[in-house]
Amino acid sequence: MFHLLILGGTTEANILAKAVSDQGVAATYSYAGRVDNPRPQPLPSRVGGFGGAEGLARYIRDHGISHVVDATHPFAAQMSRNAATACAETGTPLAALTRPAWDAQEGDRWRRVPDIPAAVAALSGARKRIFLAVGRMHLEDFAAQPQHHYLLRLVDAPTTLPLPECEVVVSRGPFTVDGDRALMERHGTQLIVSKNAGGTGALAKLDAARALGLPVLMIDRPAMPERVELATVPEVLDWLAHS
Ligand code: 3Y8
Ligand code: NAP
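Residues numbered from 1 in each chain as written. Chains lettered and ligands numbered in written order. Predicted model: local features only at pLDDT ≥ 70, side-chain atom pairs only at ≥ 80, totals over all residues. Heavy atoms only, no water.

## Thoughts on the site of ligand 2
Here is the rule: A molecule or strand has a residue near it when one of that residue's heavy atoms lies within 4 Å. A 3.5 Å cut-off defines polar contacts: any pair of N or O atoms within that distance qualifies, except that in protein one atom must be a possible hydrogen donor and the other a possible acceptor, and neighbouring residues in sequence count only when both atoms are side-chain atoms. Counting from the N terminus, the helices are the DSSP runs of H or I reaching at least four residues and the strands are the DSSP runs of E reaching at least two. Amino acid classes used here: Ala, Val, Leu, Ile, Met, Phe, Trp, Tyr, Cys and Pro are nonpolar; Asp, Glu, Lys and Arg are charged; the rest, including Gly, are polar.
The environment of ligand 2 is made up of 23 residues, and the closest members are Gly-8, Ser-30, Arg-34, Phe-50 and Lys-195. In the environment of ligand 2, an oxygen atom lies 2.7 Å from a nitrogen or oxygen atom belonging to the backbone of Phe-50. The separation between an oxygen atom of ligand 2 and a polar main-chain atom of His-73 is 3.0 Å. Those elements giving two or more residues to the shell around ligand 2 turn out to be strand 2 (27-31) and helix 3 (77-90). It is helix 3 that provides the largest number of residues to the shell around ligand 2, a total of four residues. Along the lines of polarity and charge, the residues of the shell around ligand 2 split into eight nonpolar, twelve polar and three charged.

Set out below in structure tokens:
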């Protein structure tokens, strides 16, 4: 019996979900439950963790999952590790739908750091106006550099804020270059901090930074487990048909 599990939460996962739904393929879309109102999907959806790799293995067995596509964000490394472990354990075909990392272009002023702690360390020094566009989950880490004035962009209104001087914009992407340029000009942004997410949904701020001649602190992706990696939805549909 065919039943696909899509580990979602990204633009690419949503494009895959639409294609799979249009084909009438039996599939379930999975969210972690990070935000209050995740985008509705054209597939039956589930929200919340599985309970580690063993929880995912149990879910695969209990729900007769025949294929898994890991279309999570490049920084969702724990989910990707669990998917690789659970699929190996249950003998379930697994493929990742990934998007290439961004590369600095002509005119970009990037400083690359390997991870979030290195980004925090790189913010030592005199007060700046910083567009901290890394979301909510790692804000605590940046409390080590309270001297800056931060512009934060969050999906949901925050309950607590660990940074003494910050301005919050509640907005989920995908974003536009004009919108991000106006946002940064209004804030008087002097530095942008960004994850190297790749894809199109978060790219606008980098195009705006280039236009404004602003420096970017770019956080490289975490390492990913060994797995089949596909770059487009047609490749995924072809993989599903032959694996
Ligand atoms: C819950 C599900 C679509 C998909 C939208 C993409 C694009 C817009 C850009 C900035 C950067 C950031 C953040 C971001 C982007 C897309 C895509 C992408 C970055 C949603 C979504 C969920 C999440 C989780 C959320 C994280 C946060 C990260 C905001 C849906 C909207 C910063 C990553 O408050 C929280 O807990 C937020 C947590 C993980 C990172 C963090 O550490 O805070 N995404 N984002 C998913 C789940 O529950 O399983 O509602 O659609 C999805 C999208 N976010 O087609 O509309 O595909 O990348 N998401 C980053 O890249 O740096 C914003 O502001 O410039
Ligand atoms: P993570 O750190 O890799 O995963 C932490 C735990 O969250 C996982 O072990 C799993 O819990 C649960 N989880 C993560 N993704 C899940 C999914 N799609 N379905 C069910 N459970 C999931 O993940 P994250 O970075 O917090 O990302 C969470 C979600 O936000 C993912 O859907 C991801 O695609 C999306 N997202 C993340 C980012 C980002 O910057 N990290 C950006 C855009 C979108 P259990 O161990 O209990 O199974």
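## Observations regarding the layout of surface pockets
To keep things clear, this is the line we draw: A 1.4 Å probe that fits but cannot get out identifies a cavity on a 1 Å grid over protein atoms alone, an open set with protein on both sides within 12 Å along at least five of seven lines counts as a pocket, and a residue lines either if it has an atom within 4 Å of a point. Grid points are joined across faces, edges and corners, and a volume is the space filled by probe spheres set on the points.
There is about 180 Å³ of room inside the second largest pocket. Pro-74, Thr-98, Arg-221, Met-224 and Arg-227 are, among the 16 residues lining the second largest pocket, the residues nearest its centre. Looking at the lining of the second largest pocket, its residues break down into five nonpolar, five polar and six charged.

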